[in-house]
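For reference, the chains in residue letters:
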Amino acid sequence: MTLSRRQALWGLAAAALSGATDHLAAQAGAAGARTVQRWNVADQRLVPPGAAGTDIVHAGADRVGLLRPGQAEPVWQTTHGLSGPAVFRPRADTRQVLVGSLRSLASWQLADGAVNWRRQATLQFGTPCLDRGRVYLGDGHALQALDAQNGNLLWRVDTTPDTLMSYAPTVVGDRVLVGPGNGRLYAVDRDDGRTIWTLDLADEWQYLRQLHVGANVLVAGSYKELLYGIAIDSGRVLWKFNAGNFINSHHVSGQTAFLWSPTGWIFALDVATGALRWRHRTTAYDGRSGAWASVLAELASDDQHLYALDMGHVVHVLDRHSGDEITRFKVDTALRPALLVHADRRIVLASDAGEIVQMAT
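The structure contained in this document is the topic of the report that follows.

Calculation rules
Residues numbered from 1 in each chain as written. Predicted model: local features only at pLDDT ≥ 70, side-chain atom pairs only at ≥ 80, totals over all residues. Heavy atoms only, no water. Helix = DSSP H or I, 4+ residues; strand = E, 2+ residues; numbered from the N terminus. Buried < 20%, exposed > 50% of the residue type's maximum accessible area, 1.4 Å probe, protein only. Areas by Shrake-Rupley, 256 points an atom, 1.4 Å probe, with all protein chains shown as cover. Phe/Tyr/Trp six-rings, centres within 6.5 Å; stacked < 30°, edge-to-face > 60°. Lys NZ or Arg CZ within 6 Å of the ring centre and 35° of its normal. Lys, Arg positive; Asp, Glu negative; His and termini not counted. Salt bridge = Lys/Arg side-chain N within 4 Å of Asp/Glu carboxyl O. Polar contact = N/O pair within 3.5 Å; in protein donor to acceptor, adjacent residues only side chain to side chain. Contact = heavy atoms within 4.5 Å. Pairing = 2+ DSSP bridges. Axes fitted to C-alpha atoms, helices over the stretch in contact; angles between N-to-C directions. 1 Å grid on protein atoms, 1.4 Å probe; cavity = no way out; pocket = protein on both sides within 12 Å on 5 of 7 lines; lining within 4 Å. Points joined across faces, edges and corners; volume = space filled by probe spheres on them. Core = buried A, V, L, I, M, F, W, Y, C linked by side-chain atoms within 4.5 Å.

On to the overall build of the chain. Tallying secondary structure elements over the chain gives one helix and 33 strands in all. By residue count, 55% of the 361 residues in the chain fall in the buried class. As presented, the chain carries roughly 14800 Å² of accessible surface, and 47% of it is formed by carbon and sulfur atoms.

Right under this line is the structure:
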């Protein structure tokens, strides 16, 4: 995309936001955070940690394990034996932990780390969704449903050959929603894979990077500037929001969708209508590529706060209802650019050096 095109799009987005309250960022270091606990899990290339109730699941190049806050040693830890390093945040429910590489997927007992099953990809696995005793994920261009108890294939839906279904499906009620990378969004029956509806917007997107649901609306981010609100029952586009530049991460909680733009803004939108609730400025942007904000790597929330971790290793803690910045703090530059909001204003991060860190904000 040319710079003039970026400037034009941001101008449109800025005009649409006239009248919104600007929440300017507080000075860095206004209030810090304290490290509550560190675990050295003796592993490299850690993926973002996952939650298993009040426990923490970790995975990386060689290992998978379960950590318990307040306990120095892992509840269990084992060599995962995958075909390569873990590539997505571990998924967990009350019984199991699910971790995968590009070519293999495995399930372990949550209680003691015993292996439940292993499965090899036909081509390449995408990020899975674990929901009510089933696993939904892509293998090449096919959407698969697996029995979470034994890993057996229940059904598959083929889409466009020579595409890779890399991003996770999401499940809402009786349907599975997935954007496989062919410019379409599919809603299929969770029981048998029967197609319920298809939305074709190949002229606007290829992949939908993330699928989140709130108020019976699917909020989907494209590789481009637009965030979409889509009716789950029909596939009708309800609203579009132009973020001013590409959307790499967004987050839905309750009736609000949060997203960031490299132009320096975090936006909060009404899930049902796409109307702007507030915007918060992290960094000034004047149209020059060198003045872009640090790319925000991930958004997460609890009941009262929105957490934004940027690529400069700064965590911004905002009031999720108003967008006012409560505090910000810089974390160790060795930490990976992804965070887990755990409990009681605590966040969990993983490092390149094999450490899991829990911090109180």
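Let's shift gears to the packing of aromatic side chains. By convention here, two paired aromatic rings are described through the distance between centres and the angle between planes. What the rule picks out here adds up to five aromatic pairs. Ring geometry for Phe258 against Trp278: centres 6.0 Å apart, planes inclined by 45°, an arrangement best described as tilted. Of this pair, Phe258 sits in strand 24 (residues 256–261) while Trp278 sits in strand 26 (residues 276–281), and the two are 20 residues apart along the sequence. On the basis of relative accessibility, which here comes to 0%, the residue Phe258 falls in the buried class. A cation over an aromatic ring shows up here: Arg279 above the ring of Trp265, its NZ or CZ 4.0 Å from the ring centre.

Residue placement: Asp139 occurs in strand 12 (residues 134–139). We note that Asp139 is buried and unpaired, the nearest opposite charge coming from Arg156 at a distance of 6.0 Å. Within polar-contact distance, the side chain of Asp139 engages the backbone nitrogen of Leu123 at 2.9 Å. A distance of 3.2 Å separates the side chain of Asp139 from the backbone nitrogen of Gln124, its partner in a polar contact. Non-local contacts of Asp139, meaning those with residues more than four positions away in its chain, are made with Ala121, Thr122, Leu123, Gln124, Phe125 and Gln144.

This paragraph deals with the sheet that holds strand 12. Pairing between the strands of a sheet is mediated by backbone hydrogen bonds and can be parallel or antiparallel. Here we have four strands laid out as an open sheet, ordered 11-12-13-14, and antiparallel in their pairing. Whereas interior strands pair on both sides, the edge strands pair on one side only; in this sheet they are strand 11 (129–131) and strand 14 (153–158). Ignoring which end each strand starts from, the neighbouring axes of this sheet average 20° apart.

It is generally the case that most residues other than glycine have a negative phi and that most peptide bonds are trans. The phi torsion at Ala42 lies on the positive side, around 55°, for a residue other than glycine. By the secondary structure assignment, Ala42 is in the loop between strand 2 (34–40) and strand 3 (50–52). The partly exposed category is assigned to Ala42, whose relative accessible area is 49%. Of note, Ala215 is a non-glycine position whose phi angle comes to about 55°, a positive value. Residue Ala215 is classed as partly exposed on the basis of its relative accessible area, which comes to 38%.

This part takes up the sheet that holds strand 5 (residues 63–67). Ordered in space as 3-4-5-6, the four strands form an open sheet in which the pairing is antiparallel. Edge positions in the open sheet fall to strand 3 and strand 6 (76–79), since each of these has one partner strand only. Neighbour-to-neighbour, the strand axes of this sheet turn through a mean angle of 20°, independent of strand direction.

What follows covers the layout of surface pockets. In this structure, the largest pocket spans a volume of roughly 1600 Å³. As for the largest pocket, its lining consists of 49 residues, and the residues nearest its centre are Arg89, Arg91, Thr127, Gln210 and Glu298. Going through the elements one at a time, strand 3, strand 7 (91–92), strand 11, strand 19 (208–214), strand 23 (250–253), strand 27 (296–301) and strand 31 (335–341) are the ones with two or more residues in the lining of the largest pocket. Sort the elements by how many residues they give to the lining of the largest pocket and strand 27 lands first, with six residues.

Now for the nonpolar core. In this structure, Leu177, Leu185, Trp197, Leu199, Trp205, Leu218 and Ile230 are the most contacted members of the largest nonpolar core, which totals 15 residues. Breaking this core down by element, the ones donating at least two residues are strand 17 (184–189), strand 18 (195–200), strand 19, strand 20 (217–222) and strand 21 (226–231).

With respect to the element layout, Asp147 can be found in strand 13 (residues 142–147). Contacts of Asp147, omitting those with residues within four sequence positions, involve Trp117, Gly133, Asn152 and Leu154.

Our focus in this paragraph is the pairing of strand 25 (residues 265–270). Most of strand 25 sits inside the fold, with six of its six residues counted as buried. Pairing geometry for strand 24 and strand 25, over six bridges, is antiparallel. Along strand 25, the bridge assignment pairs Ser261 with Trp265. One ladder, built from five bridges, connects strand 25 with strand 26; its direction is antiparallel. If you follow Ile266 over to strand 26, its bridge partner there is His280. Joining the antiparallel neighbours strand 25 and strand 26 is a turn of five residues, in which Gly274 adopts a positive phi near 80°.

Another point: the pairing of strand 20. Across the six residues of strand 20, six count as buried, placing the element largely inside the fold. Bridge count between strand 19 and strand 20: six bridges; the pairing is antiparallel. In the strand pairing of strand 20, Val213 is matched with Leu218. Count of turn residues in the strand 19/strand 20 antiparallel hairpin: two residues, of which Ala215 carries a positive phi of about 55°. Note that strand 20 and strand 21 share five bridges and pair antiparallel. Each bridged residue has a counterpart across the sheet, and for Gly221 the counterpart in strand 21 is Leu227. The antiparallel hairpin formed by strand 20 and strand 21 contains three residues in its connecting segment.

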